[in-house]
Structures are given as structure tokens and as C-alpha cells.
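Observations on the three-dimensional arrangement
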Amino acid sequence: MKKLSVVRTLLALAVVSLWTLLNGCVRWQAESEPAGDTPVKTVPPAVDRPAPAPRLAGRRANRASGAVIARARAAMRSAGSQHRCGPYRLWTDVTDPPLLAACERIGTRLDAVYQARFSVAPVGEAQETIFLFAHGEGYRRFTAEQGSVRAGYAGVARGTQGFVALNADGLAVETVAATLAHELTHLVNRRALGSDLPRWLAEGLADAIGDSAGGQGIGELSGLSGVEEEARRLAWGYGEGKVGSVERLVGLGRGEFDRVVVSFDYEQSALLVRYLLLDPELATRFRDYLRQLASDQRYSSRALQGVLAVRWEELDRRLRQWVMDGGNRRG
């Protein structure tokens with residue numbers, strides 16, 4: 001009996017101790033929580049996250065495939081030789097040192113001139129190849145094999161295939177250099193503004209570089225310098241009432257550009273872009289719109305007019321007067 005009493009006593013003491021311990025824990029928890037029904041929530045510190053990179057319309061350069069290079073070399077005398085034009089690889093059977101030097105000058109400076117002239121930076125580095133043919137027969141053979149039915153007699157650019165092809169046969173260094181700069185600018189257009197430009201803008205921008213280029217490289221834009229022949233033709237068209245409106249030009253679809261028998265689309269594009277780049281009032285606005293295109297905004301002639309903030313009829317009047325006055329501005 002005594003042993004049972006002792007056991008009972010010990011059990012009772014254990015229960016009392018456990019109750020005291022639990023009661024203390026509850027009291028400690030109650031004292032450690034602040035008053036009120038809503039518990040305090042711990043807010044994690046703010047983390048600075050970098051802003052997402054803006055979307056760009058520009059596409060990275062493509063390299064010419066080995067098969068394309070092989071076809072070009074097969075159309076050259078003695079398979080051509082390899083050189084560099086700045087970042088561009090050059091395959092050519094031309095041996096004229098002044099022309100090869102002009103190619104180097106143009107290729108080396110093109111990206112920097114493009115960015116300075118249009119306020120748009122190309123994406124990535126140039127990776128394409130230039131094929132410069134000393135003989136027209138080889139040029140025509142190669143472009144036909146590539147399916148370039150609209151290659152023209154002097155040059156063609158194919159950004160998706162990573163090449164520019166040029167014909168130097170019987171042409172002066174100045175002419176070939178200007179064509180080279182024009183066609184390479186089409187490649188840079190793709191890297192800066194994407195591959196969905198309207199034809200008038202793509203050609204006008206290429207002319208704004210190519211028409212200022214020659215044997216000594218790429219020069220500055222000045223009045224009608226370098227585009228005199230196009231200006232004379234356009235002035236004649238204005239005088240004959242054969243030139244369409246600027247509104248028509250900037251609204252043309254890709255398949256509608258230069259499709260009529262007597263077309264001034266190329267000349268009007270070249271002179272319109274040059275006018276927009278040289279006009280003190282419109283140059284900044286035009287470059288603003290190019291930056292919008294570079295940020296992946298889809299082209300719209302209405303949006304262009306909104307940024308330029310000038311009626312098409314007024315722009316028609318100004319452009320015509322500028323051309324008819326030989327590039328001299330009278331307001």
C-alpha cells in the first residue's frame with residue numbers, strides 16, 4: 001500500500017509539473033504577441049530587378065552558306081580571291097587596288113555612319129559576304145542561279161542569304177563604290193530596323209548612304225550632291241505632272257512599288273528621305289520615327305505623319321519646291 005501511495009504521489013507531482021510548464025508556455029506566447037486580432041506579417045525587403053530589355057526589330061546578320069560561296073566563286077575567273085572589307089568577307093576576281101581600298105573604307109565605317117545618320121544602332125555585328133565580279137557574265141550567272149530575277153545590272157543584296165553581289169564590269173570606281181554602299185545599307189537596314197520595311201523607306205535609306213559614297217568612302221549629305229541625276233529626272237516628272245503624291249508613295253505595299261511603266265518611285269524615295277534628313281524642322285522627327293521602328297513598332301504611314309506633324313499636301317509642296325530649286329531651301 002505504501003508503494004502504491006508513493007506512486008500516486010509521484011504521478012500527481014508529474015501532472016502538476018506538466019500543467020505548470022504548459023501554462024507558462026501559453027503565458028509566454030501571449031506576452032510575446034502584440035495586442036490585436038491581426039498578427040504582424042513580415043514583409044520581405046524590396047529587391048531591385050532590372051527593367052526588361054526593349055524589344056528590337058533588328059535581326060542578327062546571316063552568314064553566306066558554303067554552297068552560296070562555292071557558286072559565286074565558280075562564276076569568277078580563277079575562283080577569285082579572299083579579302084576583307086571591314087567586318088565583311090570579300091570574294092572577288094577584281095584586282096583594281098583603288099576599288100578594293102574603297103570597299104575596305106566603306107565596310108569599316110558603315111555601321112558608325114548608319115547610326116550617326118539615322119540615330120538607330122544595328123543589332124550585332126556584320127557577318128555577311130560581298131561577292132564582287134570583274135565580269136558581267138559571271139555576275140549574271142551567279143544571280144540567276146540564286147533566283148535573283150530583279151538583281152539589276154549593278155548589284156543586289158540578300159540579307160536572308162547573307163550576301164551582297166556586285167558587278168564591276170566597265171564601271172568606274174566611284175560608281176561601284178556607291179552601289180556597294182547602297183547594297184550594304186540594305187543589310188544594315190535589316191540589322192537595325194528589321195525585314196519588313198516598306199520599299200520606299202528601304203530604298204531611300206540605302207540611297208542616303210550610297211549616294212554620298214565614292215572611292216574615298218562615305219561622305220556627308222549636302223543638298224543634292226550625289227543625287228543630281230535623280231533630282232533632274234524627278235524635277236522633269238514634276239513639271240510634266242507625272243509624279244504621284246507623297247501620301248501615295250509612303251502608302252505603297254511592297255508589291256506595288258515601281259510597278260507602273262513610267263515610275264518615279266525610286267527617285268521620289270531618294271529625294272524624300274534626303275529632304276527629311278536635311279530639313280531643320282523635320283530631321284529630328286523623322287529620326288524619332290526610325291527609332292520607333294527600331295523598337296519593334298510596325299510601320300504605318302499614318303503613324304509617320306503623326307510624328308512628322310505635317311500634312312501630306314504640305315510635305316508635297318515643300319519637297320517639290322526643294323527639288324525644283326536644286327536643293328536650295330526657301331521655306
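Up top is the structure these notes are about.
The following refers to the structure shown. Note that the structure is a prediction, hence the values are computed from the model and not measured.

Thresholds applied
- Residues numbered from 1 in each chain as written.
- Predicted model: local features only at pLDDT ≥ 70, side-chain atom pairs only at ≥ 80, totals over all residues.
- Heavy atoms only, no water.
- Pairing = 2+ DSSP bridges.
- Helix = DSSP H or I, 4+ residues; strand = E, 2+ residues; numbered from the N terminus.
- Axes fitted to C-alpha atoms, helices over the stretch in contact; angles between N-to-C directions.
- Contact = heavy atoms within 4.5 Å.
- Core = buried A, V, L, I, M, F, W, Y, C linked by side-chain atoms within 4.5 Å.
- Buried < 20%, exposed > 50% of the residue type's maximum accessible area, 1.4 Å probe, protein only.
- Disulfide = S-S within 2.5 Å.

**Thoughts on the sheet that holds strand β5 (residues 163-167)**
Pairing within the open sheet is mixed, and its 5 strands lie in the order β1-β2-β3-β5-β4. Pairing within the sheet leaves two strands with one partner each, and these edge strands are β1 (81-85) and β4 (155-158). The average undirected angle you get between the axes of adjacent strands in this sheet is 20 degrees. Against the sheet, helix α3 (residues 97-118) makes contact with β1, β2 (88-92) and β3 (129-133), and its axis sits at roughly 45 degrees relative to β1, the strand it touches most. Helix α5 (residues 173-193) contacts β2, β3, β4 and β5 of the sheet and is inclined by roughly 165 degrees relative to β5.

**Some points on the nonpolar core**
The biggest cluster of nonpolar side chains holds 76 residues, and the ones touching the most others in it are Leu193, Trp200, Leu271, Phe286 and Leu315. Apart from residues no more than four positions distant in its own chain, leucine 193 is found in contact with Ala57, Gly58, Tyr114, Val120, Leu205, Leu290, Leu293 and Ala294. Ranked by size, the runner-up nonpolar core spans 14 residues in total, among them Ala64, Ile69, Ala75 and Phe142.

**Focus: unusual backbone geometry**
Notably, aspartate 258 is not glycine yet its phi reads approximately 55 degrees, a positive angle. The residue aspartate 258 is located in the loop between α8 (246-250) and α9 (265-278) in this model. Judged by its relative accessible area of 23%, aspartate 258 falls in the partly exposed class. The backbone of alanine 309 sits at a positive phi, close to 60 degrees, despite the residue not being glycine. Within the fold, alanine 309 resides in the loop between α11 (301-308) and α12 (312-324).

**A word on the state of the cysteines**
Overall, the coordinates contain 1 disulfide when judged by the stated rule. Paired by a disulfide, cysteine 85 and cysteine 103 hold their sulfur atoms 1.9 Å apart. Between cysteine 85 and cysteine 103, the disulfide has an S-S torsion of 110 degrees and is therefore right-handed. Here cysteine 103 lies in helix α3 and cysteine 85 lies in strand β1, a separation of 18 residues in the sequence. Note on cysteine 85: relative accessible area 0%, which makes it buried. On the basis of relative accessibility, which here comes to 3%, the residue cysteine 103 falls in the buried class.

So yeah, pure geometry; function would need other evidence.
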